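# Summary of structural features
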Amino acid sequence: MTVAIVLLTLFGSAWLLAVIEGWTVTGRLQPAAPLLSGLAHLGRESIVPRSPDRVFFEAAPVLLLVVAVLGAAVLPLAPDLVIADLGTGALFINAALAYVLVALIMAGWGPNGAYAMIGGWRFLGQLIAYSMLIVMPITAVAMRAESLVNTAIVGSQADLWNIVYQPLGFVLFYIAAMALAFRSPFDLPTAEGELAGGVDAEYTGVRLAVLRLARLTLVVTLAAATTVFYLGGWHGPLLPPWAWSLIKTLAVAVSMLLAGGYLPRIREADLMRWCWTLGIPLALLNIVIVGLLILVVP
Amino acid sequence: MIEVTKDLSRSADGLQMDWLEVPFGPVFPGLPGGLKLTFTLDGDGVTGGQATSLAGMTTEGEDFEEVDAGTFIDHLASAMPLAPVSYRLLACLAIEQAAGLNDDPATTQARNAALERERIASHLGWLAQVGRQLGFAWLTHRASTLQLQFRDANRNRFVELEPALRALGTRLGRTPLLKARLKGIGVLSTESSDLRGPVARAANEGGDAWARLWQRLAEISASFDLIKGAGEPELPSLRDIGGVSGTGEATVDTPRGEANLRLKLARGHVKSYKLDTACSHHIGLVEKLVEGRELGDALVAVGSLDLSPWEVIP
C-alpha cells in the first residue's frame with residue numbers, strides 16, 4: 001500500500017509539473033495535455049538511430065526513471081509513510097542519484113550521435129562540479145539530526161526547520177539539486193540551443209515518453225529530498241502530515257522548474273570553477289557553523 | 001589505447017582523440033534557419049569551423065533577367081525576409097538616383113522612420129534568438145513579443161511601448177550570469193576590415209558578444225528617439241521615374257550593417273545590379289571566431305554576429 005501511495009504521489013506530482021511547464025510555455029492551462037502527449041508518443045514511431053549501442057540506448061531512459069523512483073523510496077511523506085526507512089537513508093539518496101550520471105552517459109553514448117554524446121559527457125563534468133555540494137550539505141543535516149535516518153532528520157526539525165538553522169546549506173543543496181536534475185540554467189546535457197536536445201535528441205516515441213517522465217520524476221524526488229532535509233518534511237499545522245510533505249515538495253519542484261527560465265545557461269567552465277572555488281568552501285563553512293551551533297546551542 | 005589513438009590529431013591539451021565533423025544547421029534551434037555551421041569537434045572544443053548560407057540569393061547580379069523597377073524592388077525586399085524594409089529602401093534609393101530624382105524631405109523622413117522601426121524589430125528578434133541559444137526563456141518570450149508589437153507599430157503605439165523597451169534593457173543589465181556568458185566571447189578587433197554595422201561599432205567597446213549586445217540595445221534606444229522626432233513610418237515605395245536610363249548607387253545602414261547597391265537602369269528597367277551586404281563579410285569571420293573555443297561559446301560567438309543567411313551574397 002505504501003509503495004502504491006508513494007508511486008502515485010511521485011507520478012501525480014510529475015504530471016502536475018508537466019501541466020505547469022506547458023502552461024509557462026503555451027500560456028494555456030491544459031491538465032490533460034501531458035497524458036495526451038504521452039499517448040501520442042506511444043503511438044509514434046520509435047526511431048532507432050543508425051548503428052546504436054542498443055543496450056545503452058534502450059536501458060538509459062528506464063534507468064533514469066528507476067533511479068528517480070529509488071531515490072524517492074527512502075524519503076518519508078509522513079512518519080509511517082515511507083517505502084524503506086533505511087538506517088543510511090540520507091546516504092542512499094546520494095548513492096542512488098549517482099546513477100543519473102550513468103543513465104545520461106548511456107543515453108549519450110547509445111544513439112551514436114554527436115549531439116547526444118557531447119551532452120552525455122558534459123554531464124560528467126557537471127557531476128564533478130555539483131556532487132560535493134550534494135554530499136556536504138547532507139553531512140551538516142545529518143550532524144544536527146545525529147542520524148542518517150530520514151525520518152530522524154525530519155524529526156530533528158520539529159522546532160526549527162533546517163532552512164532557518166542552516167540557510168547556507170539549503171542554498172547550496174538547492175542549486176546542486178537543480179544541477180543534478182539538469183534543469184535550466186544547468187541544462188548543459190540537453191541544451192536546446194547548443195545541442196538540439198543533447199541526450200534527448202535521438203529519442204522518439206515511447207522511449208522519449210519514458211525519458212521525459214523520468215526527468216520530471218527526478219525533479220520531484222529532488223524536491224522531496226529538499227523538503228525532508230531543509231523544510232521540516234511533514235511538519236506543519238492543521239493539515240495532515242502527508243499533505244504538508246506534498247505541498248512543500250510541489251512548491252520546491254515548481255520553483256526549480258520556473259527559476260531557470262529567468263537565467264541564461266551557465267558555462268560548464270564557470271559552473272566547475274564556482275562550485276569548487278566558492279561552493280565547496282561555503283559548504284565547509286556551513287559544516288563548521290552547524291558544528292558550532294550544535295556545541296553551543298542546546 | 002596507444003594503437004587506437006597513435007595517428008590521431010593532437011588536442012590543445014596534448015591528448016590524442018577522435019575529431020568529429022559535426023553540422024549545426026541549416027535548421028538548428030540556436031541559429032537562424034538557412035545558416036549551416038560545420039564544426040570540427042575535439043570533445044566539446046571546436047578546432048575549426050566554417051559557415052555557409054543555404055538561403056542566400058543565387059541569382060548573379062550581373063546577368064539576371066531584366067525586370068521593371070517596381071518588380072526589382074519587390075524582388076529584393078522579398079529576398080531579404082529579415083530586413084525587407086531596408087532592402088526596399090536601398091532599391092528605391094538606387095533607382096531614384098539612377099533616374100536623377102532629388103531628395104524629398106517628407107518622403108525621406110517617413111522612410112527613415114520605417115527603417116529605424118525595422119532596426120528595432122530586428123534587434124529584438126536577435127535578442128529573442130540569443131535567448132533561445134542560451135536557454136533564457138524569459139528573454140526569448142519578452143523580446144519576441146516586443147518584436148511583434150514593434151514590427152507594424154505607428155508613432156502612438158511607440159510611445160505606449162517605450163516603458164516596456166526601457167524595462168527590457170534595465171532587466172538585461174541586472175540579469176545574473178548573462179555577462180559571464182557573453183563577456184570575452186567572440187572578440188573582434190577594430191583592425192578587421194570586414195566589420196560592418198553594430199558589429200563594427202561594438203568593436204570600439206571591447207568587441208565581444210557582450211559589447212555587441214549593448215551596442216544593439218543602444219541602437220534600439222537611438223532608433224526610438226529618431227522615430228519620435230520623425231514622421232509616421234511609411235513603407236518605402238518608388239516615386240514616378242518614367243522610362244529613364246542611367247546608373248545609380250545607394251547605401252543603407254541596415255540592422256546588420258551597411259548594404260550597398262549599384263544598378264544600371266535602361267528605359268525604366270533594371271538591367272543589372274551589384275549588391276554588397278554586411279553579412280557577406282561577417283560570414284567569413286566565423287572560422288576565426290570559433291577556433292579553439294568551447295562549443296557553447298563558439299555558437300554564442302556566431303550568434304552574436306546576427307548573420308542573416310539571406311543577406312549572404314555568393
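In this report, the structure presented in the accompanying data block is examined. (Residues numbered from 1 in each chain as written. Chains lettered and ligands numbered in written order. Predicted model: local features only at pLDDT ≥ 70, side-chain atom pairs only at ≥ 80, totals over all residues. Heavy atoms only, no water.)

## Points about the overall build of chain B
If you tally the helices and strands in chain B, you get 12 helices and seven strands. Here the C-alpha radius of gyration of chain B, 21 Å, is about what a compact globule of 314 residues would show, namely 20 Å. Taken over the C-alpha atoms alone, chain B extends approximately 75 × 50 × 35 Å along its principal axes. Burial statistics for chain B: of 314 residues in total, 53% are counted as buried. Sequence-distant contacts, at least 24 apart, represent 66% of the contacts inside chain B between residues at least 6 apart. Of the roughly 13,700 Å² that chain B leaves accessible, carbon and sulfur atoms contribute 50%. Positive and negative side-chain charges of chain B, numbering 32 and 41 respectively, have mean locations separated by a distance of 5 Å. (Helix = DSSP H or I, 4+ residues; strand = E, 2+ residues; numbered from the N terminus. Rg over C-alpha atoms; globule rule 2.2 N^0.38 Å. Buried < 20%, exposed > 50% of the residue type's maximum accessible area, 1.4 Å probe, protein only. Contact = heavy atoms within 4.5 Å. Areas by Shrake-Rupley, 256 points an atom, 1.4 Å probe, with all protein chains shown as cover. Lys, Arg positive; Asp, Glu negative; His and termini not counted. Charge placed at Lys NZ, Arg CZ, Asp CG, Glu CD.)

## Let's talk about the sheet that holds strand E1 (residues 19-24) of chain B
Judged by pairing direction, the sheet is antiparallel, and its three strands sit side by side in the order E1-E2-E3 (chain B) without closing on themselves. In the strand order of this sheet, the two ends are held by E1 and strand E3 (45-53) of chain B, each with one partner. Direction aside, neighbouring strands of the sheet carry axes that sit 15° apart on average. Examined bridge by bridge, strand E2 (residues 35-42) of chain B and E3 of chain B share eight bridges and lie antiparallel to one another. Within E3 of chain B, the position partnered with Leu41 of chain B by the bridge is Val46 of chain B. The strands touched by helix H6 (residues 114-145) of chain A within the sheet are E1 and E2 of chain B, with E1 of chain B carrying the most contacts at an inclination of about 115°. (Pairing = 2+ DSSP bridges. Axes fitted to C-alpha atoms, helices over the stretch in contact; angles between N-to-C directions.)

## Thoughts on the environment of Lys288 of chain B
The topology assignment puts Lys288 of chain B in helix H11 (residues 286-290). Since its relative accessible area comes to 56%, Lys288 of chain B is described here as exposed.

## Side note on a nonpolar patch on the surface
All names here are of chain A. A cluster of nonpolar side chains, namely Val55, Phe56, Trp109, Trp121, Leu124, Ile128, Met132 and Trp276, defines an oily patch on the protein surface of about 760 Å² accessible area. Of all the secondary-structure elements, those providing two or more residues to the nonpolar patch are helix H3 (54-73) and H6. Here the nonpolar patch gets four residues from one element, more than from any other, and that element is H6. With respect to the helices, strands and loops of the structure, Trp121 is situated in helix H6. (Patch = residues over 30% accessible without salt bridge, like charges linked within 9 Å, V, L, I, M, F, W, Y side chains within 5 Å. Salt bridge = Lys/Arg side-chain N within 4 Å of Asp/Glu carboxyl O.)

## Quick notes on the sheet that holds strand E7 (residues 269-276) of chain B
Two orientations exist for strands paired in a sheet by backbone hydrogen bonds: parallel and antiparallel. Residues and elements named next belong to chain B. One open sheet accounts for four strands, arranged E4-E7-E6-E5; its pairing is antiparallel. Here the strands that pair on one side only, and so sit at the sheet edges, are strand E4 (67-68) and strand E5 (246-254). Here seven bridges tie strand E6 (residues 257-266) to E7, and the two strands are oriented antiparallel to one another. Bridge pairing in E7 links Lys264 to Ser272. Helix-sheet contacts for helix H3 (residues 84-98) involve E5, E6 and E7, and the interaxial angle to E5 is about 150°.

## Here's the deal with the interface of chain A and chain B
Each partner contributes residues to the interface: chain A has 23 residues there, and chain B has 30 residues. Contact with chain B buries surface across chain A, with Glu194, Pro264 and Arg267 of chain A losing the most and accounting together for 29% of the total. Inspection of the region where chain A meets chain B yields four salt bridges. Across the pair Arg267 of chain A and Asp297 of chain B runs a salt bridge, and its minimum N-O distance is 2.5 Å. (Buried area = accessible area lost by both parts, 1.4 Å probe.)

## Observations concerning unusual backbone geometry
Excluding glycine, residues mostly carry a negative phi; peptide bonds, for their part, are mostly trans. For the peptide bond that leads from Ser184 of chain A to Pro185 of chain A, omega is 5°, which places it in the cis range. Along the chain, Pro185 of chain A falls in the loop between helix H9 (167-180) and helix H10 (192-195). The peptide bond linking Gly25 of chain B to Pro26 of chain B adopts the cis configuration, its omega dihedral lying at 15°. Of note, Leu238 of chain A is a non-glycine position whose phi angle comes to about 65°, a positive value. Phi is positive for Asp306 of chain B, which is not a glycine, with a value near 55°. Secondary-structure assignment places Asp306 of chain B in the segment after helix H12 (295-303).

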